[in-house]
Amino acid sequence: MLTVNHFLILGAILFCIGLYGALTKRNAIAVLMGIEIMLNAVNITMVAFSAFNQVKVTAPNVPDGRYSTFLTGQIFAIFIITVAAAEAAVALAMIIAIYRKRNTVDVGEIDMMKW
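Residues numbered from 1 in each chain as written. Predicted model: local features only at pLDDT ≥ 70, side-chain atom pairs only at ≥ 80, totals over all residues. Heavy atoms only, no water.

## A few points about unusual backbone geometry
Just so we agree on the cut-off: Per the convention used, a helix needs a DSSP run of H or I reaching at least four residues, while a strand needs a run of E reaching at least two, with both numbered from the N terminus. Only protein chains enter the accessibility calculation, which uses a 1.4 Å probe. A residue is then buried if its area is under 20% of the maximum for its type, exposed if over 50%, and partly exposed in between.
The phi torsion at Asn 103 lies on the positive side, around 60 degrees, for a residue other than glycine. Mapped onto the elements, Asn 103 comes out in the segment after helix H3 (72-102). For Asn 103, a relative accessible area of 59% corresponds to the exposed category.

Listed below in structure tokens is the structure:
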């Protein structure tokens, strides 16, 4: 049976893989992919906490034994996905603009703000 610990371990492993990719890669696209992996790891942990946080419903018109799940983790995950999509669009536009000017996407060679 899966518990919240399994999902937290998966999220931690994915976050570490994304952090490693974001810190060690020299290609701007690979750095962006590492950041996206880290955001997805956060989504997994939020949804896991939300799914395993159940409250017994004690309303008069609800039969006994029913449990309600809070949806805050899923809502935050949707917001994170939206922000990640916007961030990816802006970052890819910047990477394309830098590549057109300098003919490289190597992060080490993109060190000046001046074109």
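## Here's the deal with the environment of His 6
Among the secondary structure elements, His 6 is positioned in helix H1 (residues 4-24). Given a relative accessible area of 42%, His 6 falls into the partly exposed group. Along the backbone, His 6 and Ala 48 are 42 residues apart, and their C-alpha atoms lie at a distance of 9.2 Å.

## Points about the packing of aromatic side chains
The cut-off we apply is this: Only Phe, Tyr and Trp rings are paired, with Trp represented by its six-membered ring, and only when their centres lie within 6.5 Å; those with planes under 30 degrees apart are stacked, over 60 edge-to-face, the remainder tilted.
If you walk through the whole model with that rule in mind, you get one aromatic pair. Relative to Phe 52, the ring of Phe 7 has its centre 5.9 Å away and its plane inclined at 45 degrees; by these criteria the two rings are tilted. Placement of the pair is Phe 7 in helix H1 and Phe 52 in helix H2 (residues 28-52), with a sequence separation of 45 residues.

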